[in-house]
Amino acid sequence: MTMSPRIASWLQATPFTLIMTCLVMVPLAIILAVSFMDYGFAEIIPEFYLGNWTDLFRSSLTVDTYATVFRQLAMVWSITLVLGFTISYYLVFHVRSNMWRAIFLAACAIPFWTSGPIRMISWVPLLGREGLVNQALFGMGLIDQPISWLLYSEFSVILVYVNMLTMAMAGPIANSMAKISPSIIQAARDQGASEWQVIQEVIIPLIKPGIVVGTIFIITAVMGDGFLVRAMSGNQMNTPAVAIMNEINAFQFPPAAAKSVVLLVIVLGMVGLLLRFVDIRKELAR
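It should be emphasised that the depicted structure is a prediction, and the values quoted were computed from it without experimental measurement. (Residues numbered from 1 in each chain as written. Predicted model: local features only at pLDDT ≥ 70, side-chain atom pairs only at ≥ 80, totals over all residues. Heavy atoms only, no water.)

Moving on to the overall build of the chain. For the chain, the helix and strand inventory stands at 15 helices and two strands. Computed over the C-alpha atoms, the radius of gyration of the chain is 24 Å, more than 25% above the 19 Å expected from 2.2 N^0.38 for a compact globule of 286 residues. Along the longest, intermediate and shortest principal axes, the C-alpha atoms of the chain span 85 × 70 × 35 Å. Evaluated residue by residue, the chain yields a buried proportion of 35% over its 286 residues. (Helix = DSSP H or I, 4+ residues; strand = E, 2+ residues; numbered from the N terminus. Rg over C-alpha atoms; globule rule 2.2 N^0.38 Å. Buried < 20%, exposed > 50% of the residue type's maximum accessible area, 1.4 Å probe, protein only.)

So, on to the packing of helix H9 (residues 182–190) against helix H10 (residues 195–206). The packing of two helices is summarised by the inter-axis angle and the distance between the axes. Here H9 crosses H10 at 130°, and the two axes come no closer than 10 Å. Between H9 and H10, the interaxial angle falls into the category oblique. Along this stretch, H9 crosses H10, giving a crossing that reads as right-handed. Within the contact between the two elements, H9 uses Ile184, Ile185, Ala188 and Arg189 and H10 uses Glu195, Val198, Val202 and Ile203. (Axes fitted to C-alpha atoms, helices over the stretch in contact; angles between N-to-C directions. Parallel < 35°, antiparallel > 145°, perpendicular 65-115°, else oblique. Left-handed = near helix turned anticlockwise from the far one by under 90°. Contact = heavy atoms within 4.5 Å.)

Our next topic: the packing of aromatic side chains. Scanning all chains against the criterion turns up ten aromatic pairs. Judged by centre distance (5.3 Å) and plane angle (50°), the ring pair of Tyr89 and Phe93 falls under tilted. Residue Tyr89 and its partner Phe93 are both found in helix H3 (residues 60–93); the two are separated by four residues, about one turn of the helix. Considering the side-chain rings of Tyr90 and Phe104, the 6.2 Å spacing of their centres and the 55° angle between planes classify their relative orientation as tilted. With a gap of 14 residues between them, Tyr90 in helix H3 and Phe104 in helix H4 (residues 98–109) connect regions that are remote in the sequence. A residue is classified by how much of its surface remains accessible, and Tyr90, at 43% relative accessible area, is partly exposed. Overall, the relative accessible area of 30% leaves Phe104 in the partly exposed class. Pairwise contacts between aromatic rings join Phe36, Phe48, Trp53 and Phe57 into one cluster. (Phe/Tyr/Trp six-rings, centres within 6.5 Å; stacked < 30°, edge-to-face > 60°.)

Per the UniProt entry, the sites bearing "domain: ABC transmembrane type-1" (unreviewed entry) are residues 66–274 in this numbering. The distance separating the terminal C-alpha atoms of residues 66–274 is 19 Å; by composition the span is 76% helix and 0% strand. (UniProt positions renumbered as here; feature names shortened; annotations may be inferred.)

Given below as structure tokens:
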């Protein structure tokens, strides 16, 4: 007996549908339901309650936390985009030897074999008041007292984000660059285009999918992270993810659930907006 294509397609999609339903949709539905419940000390009261949402949208703290995270996102995205593009451009178009290209790629990737928390905490003895940077500046006679804003500040948060996320931007960009035919670049140069014109009018339009993918990585990492912000700011900065973590630690699960839903909607909206400009499925199929 021959199975119809319609039934076959449904059977093929069933395992993925079950996984998405059990591991994604059901937990999200539970979080949404909890956000409409009342709460006491370390307990959830199963009663319909809109206070979690009204407090969320009426509070000036919500605006402040999102202003902070959007500012951090803009700075991290800008820096990682410049660094990621520069690294990718050099490796793809200026390193002719495959051996040296592999060596440079390995040099960029090896630090990421270490776990993220260890790489993050390793900045503390470097940036602290008695750290290597301050000691070096003292030794050169450039400062008379330690620079306090190097650590436990927004500077240290942005620095560690850039350190940990630059390769997340460079990887997709390098992948898109590697698909550009050298004949296209050579044709542009034969027509008298300068190096900057080649970058601006040929390379950048062709690597937009890579930039979009890298941007999605940056958005999800920065918007959803709270541990790095708490650790590198000395718990002095508040973002939506940090606010959610604080309420979970205080056993205030319904307001944390409401904040989680809002954060998820915002992140999905940003990702959806990016995907309207680039067909990622077409790029991945190439």
